[in-house]
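# Coordinate inspection notes
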Amino acid sequence: MEIRKVGVIGCGLMGGGIAQTCAQSGYTTVVREVNQELLDKGLARIEAAWQKMESKGKLTTQQAAETREHLRGTINLEDLADCDVIIEAVIENMEEKLRLYPALDRLLKPEALLLSNTSSLSVTQMGAVTKRPGKVAGLHFFNPAPVMQLVEIVRTISTSDETIETVQQFARSLGKTPVLAKDTAGFIVNFLLIPYLISAVRMLENGVASRDDIDTAMKLGCGYPMGPFTLLDYVGLDTTLWAAEAIYDEYKDPLYAPPPLLRRMVQSGYYGKKSGKGFYDYQ
Ligand code: 3HC
């Protein structure tokens, strides 16, 4: 199946980065947000990234103009009707996704693929509320989506071989390296990354070391590009909490139980870089 037009649902940190990546790769891309204010904010973030790439010579003026032509924003789901593939990147809330998937299923042409960028929720459950479960899979990007090389392709028990093959080719056409994972909470990366991040929060809670020393230790001791608290702020404390809860729900393994400090910070609106405050202050 040939993919020409891509629909991205959600223009937040991940959805915006995914839409940017698709447009940069030459796909006609429509990104949908729930209201104009959120859409404008998301599109402005993409525009800023393109201006930065232009100023660094990573995009010529002509390439930048062509790339901009490929991207359109909308607040109407109907504008995605003729897309060949949808990448859903809405909030990590299963109720929200279970409302969206049947609506998309009714709207899209029968051969269109429905891919979720979920980091840890059940893609199987999303596929099960559609009449096309064989065409539903996960396509999980990493933040910042235009820069990080990896995507996880998530296969449910119903996803067809043809869908997996098409998604692998599509991922490569975006310049990404795909890895394949079964639909189990956390897939590959978050199953390993979440215990690391929440262990850092527990260390801080227990007074083992300071925020700055834990970050410095992992940066300089392990050569990680960011320490765990910088990465938590970057990924989002809310996103990390949802991922931890989803994996904990699946396995009931205390390794994944969110530490109280993480929960209290999310309850206080300290989501990290995107809200201006997390473990660090960005105001
Ligand atoms: N669009 C285009 N280019 C971008 C960009 C964007 N949105 N964001 C950053 N870049 C570019 C920069 O312009 C820069 O380009 P240059 O090398 O030509 O100058 C390059 O990326 C590196 O950026 P910076 O110079 O600003 O900063 P760093 O060198 O410190 O790199 C980083 C930033 C790539 C984010 C690096 O710190 C890193 O790899 N951090 C770890 C990120 C990570 O682990 N992500 C995965 C999180 S887990 C996840 O997302 C899963 C979820 O489900 C929880």
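- An unreviewed UniProt entry annotates the chain as 3-hydroxybutyryl-CoA dehydrogenase of Dictyobacter aurantiacus.
- Its UniProt record gives the chain a comment under Catalytic activity (unreviewed entry), which states: "a (3S)-3-hydroxyacyl-CoA + NAD(+) = a 3-oxoacyl-CoA + NADH + H(+)".
- UniProt, in the comment section headed Sequence similarities (unreviewed entry), describes the chain in these words: "Belongs to the 3-hydroxyacyl-CoA dehydrogenase family."

## With respect to the pairing of strand β6 (residues 136-141)
- Among the six residues in β6, six count as buried, and that is most of the element.
- Going residue by residue along β6, you find Val 136, Gly 138 and His 140 tucked away on one face and Ala 137, Leu 139 and Phe 141 tucked away on the opposite face as well.
- This β-α-β element, strand β5 (residues 113-116) to helix α5 (residues 123-128) to β6, shows right-handed connectivity.

## Looking at the UniProt feature "site: Important for catalytic activity" (unreviewed entry) in the chain
- Per the UniProt record, the feature "site: Important for catalytic activity" (unreviewed entry) sits at His 140.
- We classify His 140 as buried; its relative accessible area is 5%.
- Discounting residues that sit within four places of it in the chain, His 140 has contacts with Ser 116, Asn 117, Thr 118, Ser 119, Leu 150, Val 151, Glu 152, Phe 187 and Asn 190.

Parameters at a glance
Residues numbered from 1 in each chain as written. Predicted model: local features only at pLDDT ≥ 70, side-chain atom pairs only at ≥ 80, totals over all residues. Heavy atoms only, no water. UniProt positions renumbered as here; feature names shortened; annotations may be inferred. Buried < 20%, exposed > 50% of the residue type's maximum accessible area, 1.4 Å probe, protein only. Helix = DSSP H or I, 4+ residues; strand = E, 2+ residues; numbered from the N terminus. Right-handed = clockwise from strand over helix to strand, strands pointing away. Contact = heavy atoms within 4.5 Å.

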